[in-house]
Amino acid sequence: MCRTKDYIFGDALHCSVIKFGHVLDLHIANSLLHMYASFGLFSNEVLNLFDEMPERDVVSWNVIIDDLSKNGCFDEVLDAFNEMCRYGVQPNSVTLLVLVSSCLKIGDFGLGKLIHLYIIKRGIDMSENLGNGLIDMYAELGDMESAENFFDGMQTKTVFSWTSLLDGFIQKGELERASTIFGYGFKLWKQPLAEMQAETIFRALPDRDIVSWNTMIIGYSQNKKYMKSLEMLR
């Protein structure tokens, strides 16, 4: 019901934009695209508005590509990307992240690698989200060698980067390697969010050896969480 009310209000807002002659403003048109896409069930409105826009930038295309991906239209995602390139609009890290996510959803490892090569060849800025998306893709598809090589080359590794790599090794059953990486990663983690991620990963380990336990006990102790350290020891 709330979503329906939001849609009715949004549609009225769109009518006002047309009435006052602002529909040709690219920023306003992009905002309308975001608005319709946020409703989740109204892809036709998104596409119709997009088709009526006299000018489209990378933001406009990203909304369309993301909306198609969320609705499971993966063939159309690639068609939209190719059309975007034909129009001379350069994709950015957001565009490529949607493509990588789409490859992961359909299990197309070959296409995922081609997209990675495209990113390298074009020199597209590797945002943290895009980097983590690539690790997720390689890990989910079982290519842990590529996942770890890419991880090693990352300038900035976040908690999510470590988590994606560890999850990949755990899912593949390489628990010894996961335990080693877990131990090294915990030494580098200082923020509270990372601490929670570390414990979540630890709890998910199907086989906790002495290295895993020592990593948690020492990690909490080094971060002055002495009660947590004792709790782990017990």
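Residues numbered from 1 in each chain as written. Predicted model: local features only at pLDDT ≥ 70, side-chain atom pairs only at ≥ 80, totals over all residues. Heavy atoms only, no water.

A. How the structure looks around the packing of aromatic side chains. This structure, assessed with the given rule, holds 5 aromatic pairs. Here phenylalanine 109 and tyrosine 138 contribute two aromatic rings whose centre-to-centre distance is 5.9 Å and whose plane-to-plane angle is 75 degrees, an arrangement assigned as edge-to-face. Of this pair, phenylalanine 109 sits in helix H7 (residues 109-122) while tyrosine 138 is found in helix H8 (residues 128-140), placing the two residues 29 residues apart along the sequence. For phenylalanine 109, a relative accessible area of 26% translates into the label partly exposed. Centroid distance phenylalanine 151 to tryptophan 162: 4.9 Å. Interplanar angle 75 degrees. Geometry classified as edge-to-face. Of the two residues, phenylalanine 151 is situated in helix H9 (residues 144-153) and tryptophan 162 in helix H10 (residues 159-171); the sequence distance between them amounts to 11 residues. Given the relative accessible area of 3%, phenylalanine 151 is considered buried. Among the residues examined, tryptophan 162 registers a relative accessible area of 4% and is labelled buried. In this structure an aromatic cluster arises from ring pairing among Phe50, Trp61 and Tyr87. (Phe/Tyr/Trp six-rings, centres within 6.5 Å; stacked < 30°, edge-to-face > 60°. Helix = DSSP H or I, 4+ residues; strand = E, 2+ residues; numbered from the N terminus. Buried < 20%, exposed > 50% of the residue type's maximum accessible area, 1.4 Å probe, protein only.)

B. A look at the layout of surface pockets. Reported here for the largest pocket is a volume of approximately 160 Å³. When its residues are assigned to classes, the lining of the largest pocket shows 2 nonpolar, 5 polar and 1 charged. (1 Å grid on protein atoms, 1.4 Å probe; cavity = no way out; pocket = protein on both sides within 12 Å on 5 of 7 lines; lining within 4 Å. Points joined across faces, edges and corners; volume = space filled by probe spheres on them. Nonpolar A, V, L, I, M, F, W, Y, C, P; charged D, E, K, R; others polar.)

C. Structural view of the nonpolar core. In terms of nonpolar packing, the biggest core is built from 56 residues, with Leu33, Val46, Ile65, Leu96, Ile115, Ile119 and Leu165 touching the most fellow members. In terms of residue count, helix H2 (residues 26-39) provides more of this core than any other element does, 8 residues in total. Leaving out residues up to four positions away in the same chain, leucine 33 has contacts with Val46, Leu49, Phe50, Met53, Ser60 and Val63. (Core = buried A, V, L, I, M, F, W, Y, C linked by side-chain atoms within 4.5 Å. Contact = heavy atoms within 4.5 Å.)

D. Highlighting the pattern of salt bridges. Counted under the stated rule, the structure contains 2 salt bridges. Across the pair aspartate 66 and lysine 70 runs a salt bridge whose closest N-O atoms are separated by 3.1 Å. Within this pair, aspartate 66 and its partner lysine 70 are both found in helix H4 (residues 58-70), separated by 4 residues, close to a single helical turn. Its relative accessible area of 27% is what places aspartate 66 among the partly exposed residues. (Salt bridge = Lys/Arg side-chain N within 4 Å of Asp/Glu carboxyl O.)

Function cannot be inferred from these measures alone, as they are strictly geometric.
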